[in-house]
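Examination of the molecular architecture
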Amino acid sequence: MKSYKASGIVLHTVKYGETSVILYLLTDTVGRQTYMVQGVRGGRSKGNRSALFQPMFLLDLVGLESPRMELHRIREVRPAVPLTTIPFDIRKSTISLFMAEVIYRLVRETEPESPIYGFVRGAVEALDAMDDGVANFHIWFLAKLSPYLGFCPGNEYTDGFRFDIQEGIFTPLEPPHGMAFDRENSRLLDLLMQSRVEGLHDIRLSREKRSAFLSAMISYFSYHLDGINNIRSIQILREVF
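Structural notes, computed from the coordinates. Starting afresh in each chain, residues are numbered from 1 along the sequence in its written order. Residue-level local features of this predicted model are given only where pLDDT is at least 70; pairs of side-chain atoms are given and counted only at 80 or more, and the full residue set underlies all totals for whole chains, interfaces and linings. Note: side-chain values were computed over all heavy atoms of the structure, leaving out hydrogens and water.

Most of strand β2 (residues 20-27) sits out of view: eight of its eight residues are buried. Neither face of β2 is exposed, since Ser20, Ile22, Tyr24 and Leu26 on one face and Val21, Leu23, Leu25 and Thr27 on the opposite face are all buried. The criterion for strand pairing is that DSSP finds at least two bridges linking the strands in question. We count a stretch as a helix when DSSP gives it H or I for four or more residues in a row; a strand needs E for two or more, and each element gets its number in order from the N terminus. The pairing of strand β1 (residues 2-16) with β2 spans eight bridges and is antiparallel. Within the sheet, the bridge partner assigned to histidine 12 lies in β2 and is tyrosine 24. In this antiparallel pair of consecutive strands, β1 and β2, the connection spans three residues, and glycine 17 shows a positive phi of 65°. Here β2 pairs with strand β3 (residues 32-37) via six bridges, running antiparallel. Looking across to β3, one finds that leucine 23 is bridged to tyrosine 35. With antiparallel pairing between neighbouring strands as the criterion, β2 and β3 make up a hairpin whose turn holds four residues, including glycine 31 at a positive phi of roughly 65°. Classification of residues uses two cut-offs on accessible area relative to the type maximum, computed with a 1.4 Å probe and protein chains only: under 20% is buried, over 50% is exposed, and between them is partly exposed.

Below is the structure:
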């Protein structure tokens, strides 16, 4: 079996048998990868490795690949960066669940050394470290994620313009097909695309405006990617934020 080192981000787990799990990771060196991890559940499991496999947890691992096996295996695994607030803050854990589900549903294949890995890992570390602006993080994440998925606004924003979902541009008039952000959400899209995570606390939004923008972004994503409609954690986000 060929071994390799990788850093990974936990996207999803599925119980397998009595003691094993199937683990889906976004990694730096082998792209999105699926692993069989044995002996992590049940009374005979060594230690409590299953606690490592929570959504968006950051791992360092030694993987095993064999042409005879469809799934990779994990020989060694440990936390890459211990998360100090995400597991204990309901707002952050809800967002991390949403982030993990978005990447799991929408990023089916990635090449090794893909830039999306660096973006997602940086977003996890930023969320864990931040104190203010948490309520805006999930909509910022969606806006910033879109270029990595192959679509984003194709021109500069002008005050009063609307964002045309089909054409992917800001336009002065509502398009005849009707698939466009309203003016307020168009301005917010541009603002979030230009914003750094450190500035999210300066963006003041009511629950209603945040929810309306999230709905607009779901419409935008669903035009390009069907998988966004299967994300169940969206409803939880609406309840928390």
